[in-house]
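# Survey of secondary and tertiary structure
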Amino acid sequence: MCAGQSAWHRKMDKEAKCIIKIEGMTCQSCVKTIQESLSNMPGVEKIQVSLENKEASIEYSEEVTSPQQLRDKIDDIGFEATIPEVDTATEEVVIEIEGMTCNSCVNTIESNIAKMDGIDEVKVSLDNKTGHVKFRPAVVLATAIRDAVDDMGFESRIRGNNVETVTINVEGMTCNSCVQSIEGKIGGNDGIQSIKVSLERKEAVVRYAPSITSPPTIREAIDDMGFDATLQNGADLAEFDPLLQKPDNSAMSQTVIIDIEGMTCNSCVKTIDGTISARSDVEKINVSLKDKNAEIIYKSNMTTPEELRTAIEDMGFDATLGGEQNAKVTETVVLGVEGMTCNSCVKSIEGKISEHPGVESISVSLQEKKATIVYDPKNTKPEDLRDVIDDMGFEASLPGGCTTNTEIPPKQLLSTVVLSVEGMTCNSCVRSIEGKLSEHPGVKKIKVSLEDKSATIEYDSNVVNVSALRNAIDDMGFECTIPNAGTTQTTVIDIQGMTCNSCVKTIENKLSETPGVISVKVLLEENNGTVRHDAEIIKTDQIVEAIDDMGFVASVPDVIEAVPKPRQQQRASRELPQGKIGEADKWDIRFSHTKGKMMSEDLEKGAGAVLTCHLHVTGMTCASCVATIERTLSKQDGIKNVLVALMAQKAEVKYDSSYLTPAEIANKIEDMGFGASVIEDETVSDGVVELSITGMTCSSCVHLIESTLAKKPGVKYASVALATGRGKFKYDPSRTGPRDIIEYVQDAGFGAELAASDAKSKTDGLDHKAEIKKWRRSFLFSLIFGIPVVAIVIYFRVIGAGKGAECIFPGVSLENLLLFFLCTPCQIFGGRYFYVQAYKAMKHRATNMDVLIVLATSVAYIYSVIILLIAIIEEHRVSPKTFFDTPPMLLVFVSFGRWLEHIAKGKTSEALAKLMSLQATEAILVKYDDKGDLLSEEQISIDLVHRGDVLKVVPGSKVPVDGKVIEGKTMVDESLITGESMPVSKQAGAAVIGGSINQHGTMLIKATHVGNDTTLAQIVKLVEEAQTSKAPIQRLADRIAGYFVPCIVLISLITLMVHVCLGYRNYHYITEGMKIDDDRNPHEVIWEFAFRCAIAVLCIACPCALGLATPTAVMVGTGVGATNGILIKGGEPLETAHKVQTIIFDKTGTVTQGTPKVVETQPFVNSNVCTLRKLLAIVGTAESSSEHPIGIAITKHAKQSLGAENLGKCTDFQAVPGCGLKCTVSNIEPLLTDPVNGETEQTLIVPSSSSASSTSSSTSSNGGVLVDRANGAGGTGDGSTQGDSDIAVLGQSFSVLLGNREWMKRHGLLVTMEMDDAMISHEEKAQTAVLVAIDGIIVGSIALADSVKPDAALAVHTLKKMGLTVILLTGDNRKTATAIASQIGINVVFAEVLPSHKVDKVQQLQAKGHCVAMVGDGINDSPALAQADVGIAIGTGTDVAVEAADVVLIKNNLLDVVGAIDLSKHTVRRIHCNFGFAVIYNLIGIPIAAGVLMPIGLMLQPWMAAGAMAMSSVSVVTSSLLLKLYKKPSADKLETDDFLEIQKTVSTATPRDDGIVANSDAEDIELQPRKKPSRAQQKSKTKRDDERRLLDDDDEEEE
């Protein structure tokens, strides 16, 4: 409040006068507003407001109103009113009163004195025979109060009433809560006149009555609150402050315990405590009613225990000295205490623990975070002390050396519940319940109310629950029920201002005592509290106010409830930016990084999502402006709350997102005459980290990482892409972080590091160079041993058959010896990658492809070693058959397959790598002086380019950043970004994209977007995220892969056991199949064959092909789409797009250009009355002051037609929304002269504009703009229209009217039938006709239209041929929408649909089972784009639409919608092909490897199975690479003969709505779910019948 002078004058007739200071008045209108408002208040006699002095002088009746009410009334108007403290200060006087005999005397004095004017508080004490009165000296004097007491028949006198001031230094304050606590606590003490605490200066200035209190008393009171208080000017105050005096070593403190009999209540306790503590020889006293004793710390040099006992007896009690105080045994414990932040915490702990029974002393250290406690072990123990500190909100721990015989109990979790109890009839029932329940385990406190029929119980939820408490009361014979869960509500409240656990405990304790509050949990780290309460007893607003009253700032956060969509549940929620939204440049595509609110269902009407936006408001000058904005906005539908700050120029608005958007709110403020813009919302959200992961080999690795991370605390989402080697993780920053996530991935057996953000690092990761190098090295190492192995096998088993088994020493042949020496190093060193990865996987109880390879090679090697050792030991003459050849050959094939697989993976990311490589690395910075002369040219790094820099682009170089051409003309190749094959011409004013290639001329550009904000950077980011995301079918593959390896191991074991059993049962079954001689050992043959088949099964099974089927196709598909100007946000929309059955187009800006243009000018008078040039000059000048799109289009057309940059003068401009404008036009003479020959033109011939014909009625076309000159449109054939005599020559100043029919009728002008027919003709063509009247005569009309995009008709025709139902959705009227639909071939129209209802149309179609795609570009399309199964946004649209969509079309070309769906079909077809190949490969390969076809002689050696396994992954990746051959459908291929025939018919026919289903209120759309369209369904007749059925069903609903 501002300081100022205010005077109070008492009058005899109970009238008073006050002067109130007022801030915020800026004009006499403010003065008048205040005077009128206050003069109507009851009790106000006279008011005078001064704008110069900024004050109001008010005469009023004290019996009716008060200055505070007057001040509040002025505040409510919107101004800041203050009553200065200097004139409202109070003082306190102590009046000694003799003659009081009973409480009746006390009540008489208090009631009579309280009625006096100026009395704030009066308190009379019968015991002390005093009266304490707080009064306002400006109203009443202390002597008058004394006289009033005397008049009642008592004898009174004033005790010394002088007021003094003392300044006290206060340490330990950390926040305003501390300030408010001190002011509230000390200000209520006796003798305190006023107190002002300063947090910055750390001091308190106190005005007090020295006759009642003293500075030491005040200082001690502040100390008792937990702060360190010292008196300033210590030398002056040392005489009465013991803390400032020099210590007296002779004053020794001792403790005595005195037993006291006769205490009956707490009043007795307070009496003893107050009397004894007032003695100067007593330092501290603690009186216990329960123990009936008093523990007193006294100064032994000043008093004795006997004197203290006598003093207590003098009060009327029996006191005896305790006999054990000198024999007391104490122990000391040091507890660790976490959570202390200030001295207030220290004082709180010391005060609380010192009151605990058995505690002798306590010392708490804030620095060392410990508490040293001396206690009596008979009365307490360390565990109890720890629990007490825990209950205060701190974390206490017992020391390591502290031993206890009892188990440390768990920390209590106290909760409070209110139970309803029926059947209680008297207090005996109450005592019975309280006594029984208080003994129940876990119950800490219980209070039963007979009146309320309830029991309030505080209990430990770790020990007992609510149901057990209810049952216990039921068992006692009463009916106990838990409060209705329907009224129980859980609310999360944001709390600001908490600094320590003491604040936490304060809030929890006070709220838990509030009726209706069931439980409270406050988190200091989260700055919030969770409150469970009964909504019928206490509301959320009341809880917030209660917390505010404690000195904290509480608020209810915005809650957005996600409403389930009727679409795929896997679809990720989209985030929409809250920043200022505007139209982008042609190629200016922005993808918001802002984490904001969820869109989807929350933006549709009825979802009830209450959001908060902040706006910057300019133009406010006073509080009246604030009140205007708040009052006007509050009346709008959907506005929940408005708060405007004048000084900060900000407005906080809570609104229902189903009604409004932040941009619309800003527009409403601008309509009031203020400036407004949306401030971007910076909300705290989940953390996101992207990691580069190495060591993954198959989809089993992906499943292992995702499933492991999903179980970790704080990790909310995990998505890993095998193809890119990257993982994206969302986490709760309060529970975990990137470092922990990296450790989790590494513990799972993989390498992980933060993914680099620079282009070079990303490119290196995409081309898989490191992996290719590793597997090439592994392949070459294994090949060194593999080639000799192959040679040995060929020589001994093919060329020299039978020689391999000859032994060079017992049991060992030369073949086995050589294979052993070649296999061993290959097994150990060549397979180390597989062994490391398999070990890490098995450590986490997981399996992957590496486990299969390790099992196969290890089983083959170990089996061969064992059987060879047996042969050596038994000295066999023939060396056994071994598998030493399997590990080297298996590792060769697997390493070779991995090498080729990573090469192919690198190819799948080639499109993204190309986009990254487009980014220029350097730029040429050009600097100019103020005169425009060149100062310097400097080559700098692209990272150093700032927004607004002027850059030079030479021929052949890349455009460094997004910008606008300011000088030069050239051709630019944008093919790799937009897919536009032909170079694009660029000249001054044109926008250029960073990364495009300048071909011919040199140009200067001004940087508009740099760094990560460039179009190229955003496209790269979008493609990266798309390639990391998973399609739904990929999630299924990952789950299958998780069980694949264990199943293969099980199949291998079953194969082993089956062949062993079959071999021993029918040995010839094996010998015939293997063609083995009968002289070999049968046991050896059986086990050799069984192991060979089992190992072959392990070798041939491959989950890699299954895991690579989808991600490789998605990578190639999204990359191909990006190079063709189609950005697809992930695998889900890529997979969903091919299922689309119905596609909805928004009209404005999507199928039309989005801006109106003049298409026809039609005069209604002859040229001798008004020439066409004069008409355009007048109309263009009149519309030059308009901001309406129609006005802008007319002005632009007039300037182009007249060849002029400037038009005439427009005055008295007045525009009425929805009707038209009125103004006066002058100074148009220069516009009427032909700029070529200087003659005045009667007709107008302007290239690319319009041309007038002769006076005969005709219509001509030039440049797409029609000019119709009519004789009889509004008058007769001789040119006299509406009375030719009324206007012969138009004057130099013209009164102009432009608008619709209603606007002309308002001004008394007649719209003839001919004029009306002309306007109807335009409206039937979806054109807007504007009538023009000059000097009271309608002289013509101008027709405007939002023209259809040239490719719209072809796109619609192609989509319909693909079997899709195409719908036009618009807010325009039905007639306009039908006309547009007829031009482009759409047969189903939803017209007059509000923006908030567009999403309803999408939902209705989805409810009928249709897969819906939505194509739009505007803010109002965003909810529908988010709701649709596939949202497609035009790249030139708004940021919100681009953010909400699944697919973004970089070019403003609707044929790309066809391309997106076609690409989706090709990609999904390739995915299905890959999956089919992978599944069929395993289904066929595994049985063959298991020996099923052995009877017909078809078997696989383990090395053959390994080769087939390696080739399977390579073949799947190669199959995906075939997508790179995809070509987007071009207009030339799509323009078929039937389309050209249809277009010819449309161009020659008058627009009609025959066959068009126009539906503006479809509540029940009967569109039947369609299967895959057959040829018959694609025929137009069948399709027309379906669409006609939609209209018929909807018409029935409307009826």
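In this report, the structure presented in the accompanying data block is examined. (Residues numbered from 1 in each chain as written. Predicted model: local features only at pLDDT ≥ 70, side-chain atom pairs only at ≥ 80, totals over all residues. Heavy atoms only, no water.)

This part covers the sheet that holds strand β26 (residues 488-496). Across the sheet, which stays open at both edges, the four strands sit in the order β27-β28-β26-β29 with antiparallel pairing between neighbours. Of all strands in the sheet, those bounded by a partner on one side alone are β27 (517-523) and β29 (553-555). Direction aside, neighbouring strands of the sheet carry axes that sit 25° apart on average. Note: β26 against strand β28 (residues 528-534), seven bridges, orientation antiparallel. (Pairing = 2+ DSSP bridges. Helix = DSSP H or I, 4+ residues; strand = E, 2+ residues; numbered from the N terminus. Axes fitted to C-alpha atoms, helices over the stretch in contact; angles between N-to-C directions.)

The subject of this paragraph is the nonpolar core. The nonpolar side chains of a soluble globular protein tend to be buried, and buried together. Grouped together as the largest cluster of nonpolar side chains are 81 residues, with contacts concentrated most on Phe 729, Ile 1143, Phe 1145 and Leu 1359. The dominant element in this core, judged by the number of residues it contributes, is helix α44 (residues 1455-1489), at eight residues. Among all residues touching Phe 1145, those that are not within four sequence positions of it are Thr 1150, Val 1151, Leu 1359, Val 1366, Ile 1367, Leu 1368, Leu 1369, Val 1415, Leu 1454 and Val 1457. Counting 56 residues, the second-largest nonpolar core is a separate cluster that includes Ala 841, Leu 890, Phe 1091 and Ala 1101. (Core = buried A, V, L, I, M, F, W, Y, C linked by side-chain atoms within 4.5 Å. Buried < 20%, exposed > 50% of the residue type's maximum accessible area, 1.4 Å probe, protein only. Contact = heavy atoms within 4.5 Å.)

This next bit is on the pattern of salt bridges. Applying the stated criterion across every chain, the model contains 23 salt bridges. Of the charged contacts in the structure, one is a salt bridge between Arg 1306 and Glu 1302, with a shortest N-O distance of 3.9 Å. In this pair, Arg 1306 and Glu 1302 both sit in helix α37 (residues 1301-1306), four residues apart, roughly one turn of the helix. On the accessibility criterion, Glu 1302 (43% relative accessible area) is partly exposed. (Salt bridge = Lys/Arg side-chain N within 4 Å of Asp/Glu carboxyl O.)

This paragraph deals with a positive patch on the surface. Taken together, Lys 773, Arg 776, Arg 777 and Arg 832 make up a surface patch of like positive charges. Top contributing element to the positive patch by residue count: helix α21 (residues 769-799), with three residues. Examined against the element boundaries, Arg 832 turns out to sit in helix α23 (residues 832-843). (Patch = residues over 30% accessible without salt bridge, like charges linked within 9 Å, V, L, I, M, F, W, Y side chains within 5 Å. Areas by Shrake-Rupley, 256 points an atom, 1.4 Å probe, with all protein chains shown as cover. Lys, Arg positive; Asp, Glu negative; His and termini not counted. Charge placed at Lys NZ, Arg CZ, Asp CG, Glu CD.)

Considering all chains together, one arrives at six aromatic pairs under this definition. When the ring of Phe 820 is compared with that of Phe 884, the centres are 5.6 Å apart and the planes differ by 75°; the resulting orientation is edge-to-face. Here Phe 820 is found in helix α22 (residues 814-830), whereas its partner Phe 884 is found in the loop between α24 (849-873) and α25 (886-908), with 64 residues between them in sequence. Phe 820 gets classed as partly exposed once you look at its relative accessible area, which sits at 27%. Members of the aromatic cluster, connected to one another through ring pairs, are Phe 820, Phe 821, Tyr 861 and Phe 884. Between Lys 1401 and the ring centre of Phe 1390, over which it is positioned, the NZ or CZ distance is 5.1 Å. (Phe/Tyr/Trp six-rings, centres within 6.5 Å; stacked < 30°, edge-to-face > 60°. Lys NZ or Arg CZ within 6 Å of the ring centre and 35° of its normal.)

What the six strands build is an open sheet, ordered β43-β42-β44-β50-β45-β48; its pairing is antiparallel. Strands with a single pairing partner mark the edges of an open sheet, and in this sheet they are β43 (934-941) and β48 (991-992). Pairing geometry for strand β44 (residues 950-953) and strand β50 (residues 1003-1009), over four bridges, is antiparallel. Bridge pairing links Lys 952 to Leu 1004 in β50.

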